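Examining the three-dimensional arrangement
Letter by letter, the chains look like this.
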Amino acid sequence: KDVTQRLIDFFLYELRHNGRTLHGGRAVEIDLTMEQLSAVVGASRQTVSTIVNQMQKAGVLQKAGKDYFIPNPAILKEFSNC
């Protein structure tokens, strides 16, 4: 799997196991720095940061501190196909 798909899989896993419903979407607190998140998905910090920024610009993910809000997990799942 490429980095984008590994990152999507990570977020979807966290949503399923630790997520909460919020404003019609799902939110999860991820207490990892960008460097730690990068290590989890096996990519450079810059690559993961770039992908997270692309997700935010596309509206599939919103980040506020340690909280990640996914308005529609199904759209996140399809993000790598965009």
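Please read these numbers as outputs of a predicted model, since none were measured by experiment. (Residues numbered from 1 in each chain as written. Predicted model: local features only at pLDDT ≥ 70, side-chain atom pairs only at ≥ 80, totals over all residues. Heavy atoms only, no water.)

**What to know about the side chain of Glu14**
Stated formally: Only DSSP runs of H or I covering at least 4 residues are called helices, and only runs of E covering at least 2 are called strands; the numbering of each starts at the N terminus. Exposure is judged per residue with a 1.4 Å probe applied to protein chains only, and the accessible area is read against the type maximum: over 50% gives exposed, under 20% gives buried, and values in between give partly exposed. Only four residue types enter the tally: Lys and Arg on the positive side, Asp and Glu on the negative side; His and the chain ends are excluded. Whenever a carboxyl oxygen of Asp or Glu lies within 4 Å of a side-chain nitrogen of Lys or Arg, that contact is scored as a salt bridge. Whether two residues are in contact is decided by their heavy atoms: any pair within 4.5 Å suffices.
Counting through the fold element by element, Glu14 comes out in helix 1 (residues 3–18). The charged side chain of Glu14 is buried without a salt bridge, its nearest counter-charge being Arg16 at 9.5 Å. Here Glu14 is in contact with Gly19, Val28 and Ile30, once residues within four sequence places are set aside.

**Comments concerning the pattern of salt bridges**
As enumerated under the stated definition, the model contains three salt bridges in all. A salt bridge links Asp9 to Lys1; the nearest nitrogen and oxygen atoms lie 2.5 Å apart. A relative accessible area of 25% places Asp9 in the partly exposed class. Classification of Lys1 as exposed rests on a relative accessible area of 70%. Two residues, Lys66 and Asp31, come together in a salt bridge whose shortest N-O distance is 3.0 Å. A residue pair is termed long-range when its members are at least 10 positions apart, and Lys66 in the loop between strand 3 (62–64) and strand 4 (67–70) and Asp31 in the loop between strand 2 (25–29) and helix 2 (34–41) qualify at 35 residues.

**Quick word on the packing of helix 1 against helix 2**
Convention followed: Fitted lines through C-alpha atoms serve as axes, helices being fitted only where they are in contact, and the angles separating the N-to-C directions of these axes extend from 0 to 180 degrees. With respect to orientation, any angle under 35 degrees is reported as roughly parallel, any angle over 145 as roughly antiparallel, any angle of 65 to 115 as roughly perpendicular, and every other angle as oblique.
Packing of helix 1 against helix 2 brings their axes to within 9 Å, and their N-to-C directions diverge by 105°. The orientation of helix 1 with respect to helix 2, classified from their angle, is roughly perpendicular. The residues of helix 2 that touch helix 1, namely those facing Arg6, Leu7, Phe10 and Phe11, are Leu37, Val40 and Val41.

**Thoughts on the packing of aromatic side chains**
Where we set the bar: Aromatic contacts are taken between Phe, Tyr and Trp rings whose centres are within 6.5 Å, Trp giving its six-membered ring; a plane angle under 30 degrees counts as stacked, one over 60 as edge-to-face, and the others as tilted.
Applying the stated criterion across every chain, the model contains two aromatic pairs. On the numbers, 5.8 Å between centres and 65° between planes, the contact of Phe10 with Phe11 is edge-to-face. Of the two residues, Phe10 and Phe11, both sit in the buried class. Each ring, one from Phe11 and one from Tyr68, has its centre 5.0 Å from the other, and the planes form 45°; the classification is tilted. Note that Phe11 is positioned in helix 1 and Tyr68 in strand 4, a separation of 57 residues in sequence. As far as the burial class goes, Phe11 and Tyr68 line up, both buried. One aromatic cluster in this structure is built from Phe10, Phe11 and Tyr68.

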